[in-house]
Amino acid sequence: MSRSITPAPTHPVTPEKDGTPHHRGVAPGRRPSALPRRLTDLLPGLLLSLVIGVVTVALGRMIPEASPALVAILLGAVLANSGRMHPALNPGLQFTARTVLRAGIVLLGLQLALGDVLALGPVVIAAIVAVVGIGIGSGLLLGRMLRLPSDLTVLIACGFSICGAAAVAGVSGVLSSADRTQDPERTAQRETRTATAVALVVVFGTLMIPLLPLLARLLELPAPTAGIWTGLSVLEVAQVVAAGSLIGDPALSAAVVVKLGRVLMLAPVVALLSIALRRTAAHAGQGADAQARGRGARVPLVPGFVAGFLVAVAIRSTGLVPATVLDVAQLVQAVLLAAAMFALGTGVRVALLRTVGARPVVLASLLLLVVTAVGLAGSMLAG
């Protein structure tokens, strides 16, 4: 006697509207493969960036002159122009250059306690504000005289006046929020200008490591005064540590606290830039239309990562965070920022750099002179 075999029911696959397959056996509205697919897209570029971040930070600890940011951005530029960068890396690199970078800036706030800054006294605090204000103002004026693109001018001015690569990247995020163009060429230009500003900050800041201690010695400045000058003038936190170490321990402690005071200026500068961008859009007649199309929130008054930075500062200021946690956070922050610099470096294209020319270097040179001169005046008054 023969038995009929009923085939097992199958769940045919039908395409969703967005082209992704949908199994009829899955409850409507659920896409269990969406999140894993997103993570899979991010992993290649993200993991590569983090590995580069770890390697460059380790190299920087062994060789203080080897700035992790500079090495990372150079490696990214080499990869981008080698013709061997696989397209699968792009999603993770973009994620690193934005989200990972902002996480690093937030963690940077854990290095700063408000009490330490207030203990510097009104003269030093006024000098910090003067360096940032005069530096940015001079940078904008010089950039206009040199006929540089406005966004590149703002990036260089903020990077040299506030806290180096972190300031460039933070300001770049605000500028990107104000101009979410889908034009690939314009996006590439914006990424190249950001990477150019970061490279200038790192190169000129590295040159200051041996130069500023030499100038302090020639001027016969006392160690505390030389430390304040270092904190007011050198661009990156790591570069300040290196330069202060060359002068001596009394100078190093003063230099780091003053530099962290400059880092704190990132928050108000970014907030003011956001206000300026909103007003510019309104004066251009785009404000009402942008609001109607839901685009008015593209330039937040206080970007989320800046709010996170301020929260981190407040947490550090309580004095309740154990030193071990702060040390780990500082290491993670260094790795995240180095990884982000590598991702930004992959946006550097030699062909686009040729269009930038020598004028950004001229702006960087003049701006460094302004910041150093204002910093020297402030340190002399404080001393």
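Residues numbered from 1 in each chain as written. Predicted model: local features only at pLDDT ≥ 70, side-chain atom pairs only at ≥ 80, totals over all residues. Heavy atoms only, no water.

1. Quick notes on the pattern of salt bridges
Put simply, the rule is: The term salt bridge refers to a side-chain nitrogen of Lys or Arg lying within 4 Å of a carboxyl oxygen of Asp or Glu. The way it works is that DSSP assigns letters per residue, a run of H or I at least four long becomes a helix, a run of E at least two long becomes a strand, and they are numbered from the N terminus.
Overall, the coordinates contain one salt bridge when judged by the stated rule. Residues Arg193 and Asp151 are paired through a salt bridge, measuring 3.3 Å at the closest nitrogen-oxygen approach. Taken as a pair, Arg193 in helix H8 (residues 184-218) and Asp151 in helix H6 (residues 150-161) lie far apart in primary sequence, 42 residues in all.

2. Side note on the confidence of the model for the protein chain
The predicted coordinates should not be examined in detail at positions where pLDDT is low. Rule in force here: Per residue, pLDDT captures the predictor's confidence, and it can take any value from 0 to 100. Note on definitions: a residue-residue contact is assigned when non-hydrogen atoms from the two residues lie within 4.5 Å.
Per-residue confidence for the protein chain averages 80 on the pLDDT scale, and 79% of its residues sit at or above 70. Taken element by element, the protein chain is modelled with least confidence in strand E2 (residues 21-23), mean pLDDT 42, and with most confidence in helix H5 (residues 122-145), mean pLDDT 95. Long-range and interchain partners of residues 1-35, a stretch whose pLDDT sits below 50, account for 21 contacts in this model, where long-range means more than four residues apart. A low-confidence stretch, residues 286-297 (pLDDT under 50), is modelled with seven contacts involving residues beyond four sequence positions or located in other chains.

3. Here we look at the nonpolar core
So the rule is basically this: In this text, buried Ala, Val, Leu, Ile, Met, Phe, Trp, Tyr and Cys residues form a nonpolar core when linked through side-chain atoms within 4.5 Å. Each residue is placed in one exposure class: buried if its accessible area under a 1.4 Å probe, protein chains only, is under 20% of its type's maximum, exposed if it is over 50%, and partly exposed if it falls in between.
Within the largest apolar cluster, 88 residues are counted, with the highest numbers of intra-cluster contacts made by Ile105, Ile156, Phe160, Ile162, Val171, Val198 and Met341. When residues of this core are assigned to their parent elements, the largest contribution, 10 residues, is made by H8. Apart from residues lying up to four places away in sequence, Met341 is in contact with Ala69, Ala72, Ile73, Leu101, Ala165 and Val198. Formed by five residues, the second largest nonpolar core is a distinct cluster that contains Ala312, Val321, Leu326 and Ala329.

4. What about H6?
Basically, it comes down to this: A helix is expected to span 1.5 Å multiplied by its residue count minus one.
For H6, with 12 residues, the first-to-last C-alpha span of 16 Å sits near the 16 Å given by 1.5 Å per residue. Burial runs high along H6: 11 of the 12 residues are buried.

5. Comments concerning a nonpolar patch on the surface
To keep it simple, the criterion reads: For patches, a residue must show more than 30% relative accessible area and have no salt bridge; joins then use 9 Å for like charges and 5 Å for nonpolar side chains, namely Val, Leu, Ile, Met, Phe, Trp and Tyr. Only the protein chains shown count as covering a residue, and every accessible area follows the Shrake-Rupley method with a 1.4 Å probe.
Together, Leu211, Leu214, Leu215 and Leu218 give the surface a local cluster of nonpolar side chains, amounting to about 350 Å² of exposed area. Within the fold, Leu215 resides in helix H8.

6. Focus on the environment of Leu381
Of note, Leu381 is situated in helix H17 (residues 359-382). Sequence separation between Leu381 and Val123 is 258 residues, and the spatial gap between their C-alpha atoms is 7.3 Å.

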